[in-house]
Amino acid sequence: MAYFQSKPVAGRHFLQIPGPTNVPDRVLRAMDNPTMDHRGPDFGLFGKALLEKIRHVFKTTSHVVIYPASGTGAWEAALTNTLSPGDRVLMCETGWFAHLWHEMAGRLGIVADFVKTDWRRGADVAQIEQRLREDKAHAIKAVCVVHNETSTGCTSRIDEVRRAMDAAGHPALLLVDTISSLGSIDYRHDEWGVDVTVAGSQKGLMLPPGLSFNAVSAKALKASETARLPRSFWDWKPMLAANATGYFPYTPATNLLYGLDAAVDMLLEEGLDNVFARHDRHAEATRRAVRHWGFEIQCAEPRHYSSSLTAVRLPEGHSANALRATILERHNMSLGNGLGQLNDRVFRIGHLGDFGDLQLIGTLGGVEMGLRAAGVPHQPGGVQAAMDYLSGNA
Ligand SMILES: *Cc1c(COP(=O)(O)O)cnc(C)c1O
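Within each chain, residues carry numbers counting from 1 in the order of the written sequence. A pLDDT threshold of at least 70 governs which residues receive local features in this predicted model, and a stricter bar of 80 or more applies before side-chain atom pairs are shown or counted, although totals over entire chains, interfaces and linings include all residues. Heavy atoms throughout the structure, all of them, feed into the side-chain values; hydrogens and water do not.

Note the cut-off: UniProt positions are given in the numbering used here, feature names are shortened, and annotations may be inferred rather than shown by experiment.
Taken directly from UniProt, the Sequence similarities (unreviewed entry) text for the protein runs: "Belongs to the class-V pyridoxal-phosphate-dependent aminotransferase family." Word for word, the UniProt comment on the protein under Cofactor (unreviewed entry) is "pyridoxal 5'-phosphate".

And the structure:
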């Protein structure tokens, strides 16, 4: 049973939205410990070890800042610590989350150019390179990209964005949102020369909502010394000063940090490469089911397929929201809704986080039964297609 459920339903709820994700029992048990004194001697030891360990997940040797906030807070921290009022940035309109980050930049007094896509692929790397080449005066201070666009199921190629910036010989900072990719899809903060990586707790990191992160390069740290956007709660400086001894400048979300400690252990014990391969495999099985049913995948560029979620387009005249409501009612499973211009056009299957083959088959089974119940025309047997793939690729 769920903690709060208006109607009693037996069996475990399937939380197959692309975040928050299912929280593993080991993480729940870790959080179920007494809160400790965050100024006491044990906390410093715990905090220092955790701040060190979390770097592996970002593939960085630099600082990782942890906020008691949702991902949106870490977006704001990335912008306000590195930029000044009136600064120009280049953002990429990959979907709804890119749109929200762009709106935030505007509200903060940043002037953001928005490179368009059709919401069916990742960031347009050629466009980024061209805009940077045109900016001979280096007025653009940062390039902002959402790594995995959770509204569309398209993953941008950050390695290619980095190469485009280098090819243009442009010194802009690179800010990347990995809220729905970190711990699910290969990501390399240092190797790809990312300056600020933004992350959140409730997706690939398998935690409840409530923590968010900035991984900070030396170049970003330097930019923060002269960045003039107002900031207080988000300021890296007092955070890093306290973090040096394992402490925080204000009360950290102690029990979520216990959970984070367990979640990072789980990721590192499985091995990050194995974690990524598991997500790739589940994503491919999902796409096979979707194609078998006869539906289009929202991502139209196979090189940009997301391994953490799949957005599925329903045929014209069929409501994705009605389908989701049917599946919730009959099978106690939540699926992601279409966001922004995709509202009611797509539904999203989250296959990230603490997730195994049988959970995927249960998820796809719920979708296939829901399609039938909701009267959406489809070719039955998508679940079989997924099982065939999983069995042949153990
Ligand atoms: C979920 C998500 C966000 C928003 O994070 P919140 O924790 O809801 O503030 C931002 N960007 C991406 C890519 C996301 O998936």
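### Examining the layout of surface pockets
Here is the rule we go by: Detection works on a 1 Å grid of protein atoms alone, calling trapped sets that fit a 1.4 Å probe cavities and calling open sets with protein on both sides within 12 Å along at least five of seven lines pockets, with lining residues defined by an atom within 4 Å of a point. Grid points are joined across faces, edges and corners, and a volume is the space filled by probe spheres set on the points. Here a helix means four or more residues in a row that DSSP labels H or I, a strand means two or more in a row labelled E, and each is numbered from the N terminus. Throughout, the ten residues Ala, Val, Leu, Ile, Met, Phe, Trp, Tyr, Cys and Pro are labelled nonpolar, Asp, Glu, Lys and Arg are labelled charged, and all others, Gly among them, are labelled polar. What marks off one domain from the next here is an automatic or database domain assignment.
Of the voids in this model, the largest pocket is the one considered here, and its volume is about 310 Å³. Around the largest pocket, the lining is made up of 17 residues, and of these Thr155, Ile185, Asp280, Tyr305 and Ser307 lie nearest the centre. At the level of secondary structure, the elements contributing two or more residues to the lining of the largest pocket comprise helix 7 (158–167) and helix 11 (272–293). If you tally residues by element for the lining of the largest pocket, the top one is helix 11, at three residues. When the residues that make up the lining of the largest pocket are grouped by side-chain class, the tally is six nonpolar, five polar and six charged. Each of domain 1 (14–22 + 271–392) and domain 2 (25–268) accounts for three or more of the residues forming the lining of the largest pocket.

### Overview of the site of the ligand
The criterion, for reference: A molecule or strand has a residue near it when one of that residue's heavy atoms lies within 4 Å. Polar contact is defined as a pair of N or O atoms within 3.5 Å, subject to the rule that within protein one atom must be able to donate a hydrogen and the other to accept it, and that residues adjacent in sequence are counted only when both atoms are side-chain atoms. Areas reported as accessible are Shrake-Rupley estimates using a 1.4 Å probe. Residue values count occlusion only from the protein chains shown.
Lining the immediate surroundings of the ligand are 13 residues, of which Ser70, Thr72, Thr150, Asp177 and Lys203 lie closest. One of the side-chain nitrogen or oxygen atoms of serine 70 is found 2.6 Å away from an oxygen atom of the ligand. A distance of 2.4 Å separates an oxygen atom of the ligand from a polar side-chain atom of threonine 150. Starting from 380 Å² of accessible surface for the ligand in isolation, the protein chains cover 88%. The element that contributes the greatest number of residues to the shell around the ligand is helix 4 (residues 71–82), accounting for three residues. Its residues assigned to classes, the shell around the ligand shows four nonpolar, seven polar and two charged.

### Structural notes on the pattern of salt bridges
Note the following rule: Salt bridges are counted wherever a side-chain nitrogen of Lys or Arg sits within 4 Å of a carboxyl oxygen of Asp or Glu. Buried residues are those whose accessible area, probed at 1.4 Å on protein chains only, stays under 20% of the maximum for their type, while exposed residues exceed 50% and partly exposed ones sit between those limits.
In total, this model carries 23 salt bridges according to the counting rule given. Between arginine 26 and glutamate 269 there is a salt bridge, with the nearest N and O atoms lying 3.0 Å from each other. Taken together, the residues span a long stretch of sequence, with arginine 26 in helix 1 (residues 25–31) and glutamate 269 in helix 10 (residues 254–270) at a distance of 243 residues. Judged by its relative accessible area of 40%, arginine 26 is partly exposed. With relative accessibility at 56%, the residue glutamate 269 sits in the exposed group. The salt bridge involving aspartate 357 is made with arginine 281; its shortest N-O contact spans 2.9 Å. Placement of aspartate 357 in helix 13 (residues 357–374) and of arginine 281 in helix 11 is noted, with a sequence separation of 76 residues between them. Residue classification places aspartate 357 among the partly exposed positions, given a relative accessible area of 28%. On the basis of relative accessibility, which here comes to 16%, the residue arginine 281 falls in the buried class.

### Considerations on the packing of helix 11 against helix 13
The line we're drawing: To obtain an axis, a line is fitted to C-alpha atoms, over the contacting stretch when the element is a helix, and the angle between two such axes runs from 0 to 180 degrees between their N-to-C directions. Note on terminology: angles under 35 degrees are roughly parallel, angles over 145 are roughly antiparallel, angles of 65 to 115 are roughly perpendicular, and the others are oblique. Crossing chirality is assigned from the near helix's rotation relative to the far helix, an anticlockwise turn below a right angle marking it left-handed and a clockwise turn marking it right-handed. Residue contacts are defined here by distance: any two heavy atoms, one from each residue, within 4.5 Å place the two residues in contact.
One way to put it is that helix 11 packs onto helix 13 with a least axis distance of 11 Å and a crossing angle of 20°. As summarised for this structure, helix 11 and helix 13 are arranged roughly parallel, according to the angle between their axes. When you trace helix 11 past helix 13, the crossing you get is right-handed. Along its contact with helix 11, which presents Arg281, His282, Ala285, Thr286, Ala289 and Trp293, the element helix 13 presents Asp357, Leu360, Leu364, Val367, Glu368 and Leu371. Split by residue class, the contact of helix 11 with helix 13 holds seven nonpolar, two polar and three charged.

### Topic: the sheet that holds strand 11 (residues 296–297)
Let me state the cut-off plainly: When DSSP finds at least two bridges between two strands, those strands are taken to pair.
In space, the three strands of this open sheet follow the order 11-12-14, with antiparallel pairing throughout. With one partner strand each, in any of the chains shown, strand 11 and strand 14 (346–350) form the two edges of the open sheet. With five bridges connecting them, strand 12 (residues 309–313) and strand 14 associate as antiparallel partners. Counted as the bridge partner of alanine 311 is arginine 348 from strand 14.

### Section: the domain arrangement of the protein
Where the parts come together, the accessible area they lose is often given as the size of the interface. Selection rule: Using a 1.4 Å probe, buried area is obtained as the accessible area two parts lose upon being combined, added over both of them.
Split by domain assignment, the protein resolves into domain 1 (14–22 + 271–392) and domain 2 (25–268). On a C-alpha basis, the centroid separation for the pair domain 1 and domain 2 is 27 Å. Across the domain 1 to domain 2 interface the summed buried area is about 2,700 Å²; carbon plus sulfur atoms make up 55%. Of all residues in domain 1, Leu272, Phe276 and His304 give up the largest surface area on contact with domain 2, accounting jointly for 22% of the area buried on that side. Linking domain 1 to domain 2 there are two salt bridges. Among the salt bridges present, the one from glutamate 160 reaches arginine 303, with a minimum N-O distance of 2.3 Å. Here domain 1 is connected to domain 2 by 18 residue pairs in polar contact (both at pLDDT 80 or more). At five residues, helix 11 tops the list of elements feeding residues into the side of domain 1 that touches domain 2. When its residues are assigned to classes, the side of domain 1 that touches domain 2 shows 14 nonpolar, 13 polar and seven charged.

### Topic: the pairing of strand 8 (residues 173–177)
Judged by how many residues are buried, strand 8 sits mostly within the fold: five of five residues are covered. Burial of the side chains of strand 8 extends over both faces: Leu173, Leu175 and Asp177 are buried on one face and Leu174 and Val176 on the other. Bridging between strand 5 (residues 140–146) and strand 8 involves five bridges; their strand directions are parallel. Bridged to alanine 142 within strand 8 is leucine 173. Taken together, the three bridges between strand 8 and strand 9 (residues 196–200) define a ladder with parallel strand orientation. Within strand 9, the residue paired with aspartate 177 across the bridge is valine 198.

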